[in-house]
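# What the coordinates show
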Amino acid sequence: QVQLVESGGGLVQSGGSLTLSCRISVEVGPPDTLGWYRQAPGEQRELVATIRNKPNIRYADSVKGRFTISRDNLRNTVTLQMNDLKCEDSGAYYCMFDRLGEGKRVHWGQGTQVTISP
């Protein structure tokens, strides 16, 4: 059974930074897509950032220039560095693992809460 364990959420003031990390319980490789999604109360889950092979990185327009996603295939981890945080970045952040990036075998973490205060 694939498990994804997130860490690093918390409460910070607007303009601050947080780093989210996710460890996947199985070996991951370059064809696999890893990513972060978020969900605010009453809203749908939305893409924040995904990474497949190093050149293949995607960000939501709202986080471009502020967030950086990275992965370590040796440690089976994916990290989201979040800078210049805004109140609208608040929500539950979920780690995602898509084996081979085909959308057929997608796994999710339990979520970590990020709260940005004014």
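For clarity, every value in this text was computed on a predicted model and none was experimentally measured.

### A word on the nonpolar core
Of all hydrophobic cores here, the largest spans 25 residues; its most connected members are Trp36, Val78, Leu80, Met82 and Tyr93. Of all the secondary structure elements, the ones that give two or more residues to this core are β3 (18-24), β4 (33-39), β5 (46-51), β7 (67-72), β8 (77-82), β9 (91-98) and β11 (112-117). The element best represented in this core is β3, accounting for 4 residues. Discounting residues that sit within four places of it in the chain, Tyr93 has contacts with Glu6, Leu20, Trp36, Tyr37, Arg38, Val48, Phe67, Leu80, Met82, Gly111, Thr112 and Val114.

### Considerations on the packing of aromatic side chains
Scanning the model with the defined rule gives 1 aromatic pair in all. Look at Tyr37 and Trp108: their rings are 5.0 Å apart centre to centre, the planes differ by 75°, and that puts the pair in the edge-to-face class. With a gap of 71 residues between them, Tyr37 in strand β4 and Trp108 in strand β10 (residues 106-108) connect regions that are remote in the sequence. One Lys or Arg, Arg45, reaches over the ring of Tyr94 and ends 3.7 Å from the middle of that ring. Seen from the ring of Trp108, Arg45 lies directly overhead, with NZ or CZ sitting 4.7 Å from the centre.

### A short note on the state of the cysteines
Evaluation of the coordinates by the stated rule reveals 1 disulfide. Across a sulfur-sulfur distance of 2.1 Å, Cys22 and Cys95 are joined as a disulfide pair. With the S-S bond torsion at -85°, the cross-link from Cys22 to Cys95 turns out left-handed. One end of the pair, Cys22, is in strand β3; the other, Cys95, is in strand β9, and 73 residues separate them in sequence. Judged by relative accessible area, Cys95 falls into the buried class, the value being 0%.

### So, the sheet that holds β7
Across the sheet, which stays open at both edges, the 4 strands sit in the order β1-β3-β8-β7 with antiparallel pairing between neighbours. The outermost strands of the open sheet, each flanked by one partner alone, are β1 (4-7) and β7. With direction set aside, neighbouring strand axes in the sheet form an average angle of 15°. As defined by bridge partners, β3 adjoins β8 across 6 bridges and the pair is classed as antiparallel. Its bridge partner lying in β8, Leu18 is registered against Met82.

Criteria and thresholds
Residues numbered from 1 in each chain as written. Predicted model: local features only at pLDDT ≥ 70, side-chain atom pairs only at ≥ 80, totals over all residues. Heavy atoms only, no water. Core = buried A, V, L, I, M, F, W, Y, C linked by side-chain atoms within 4.5 Å. Buried < 20%, exposed > 50% of the residue type's maximum accessible area, 1.4 Å probe, protein only. Helix = DSSP H or I, 4+ residues; strand = E, 2+ residues; numbered from the N terminus. Contact = heavy atoms within 4.5 Å. Phe/Tyr/Trp six-rings, centres within 6.5 Å; stacked < 30°, edge-to-face > 60°. Lys NZ or Arg CZ within 6 Å of the ring centre and 35° of its normal. Disulfide = S-S within 2.5 Å. Pairing = 2+ DSSP bridges. Axes fitted to C-alpha atoms, helices over the stretch in contact; angles between N-to-C directions.

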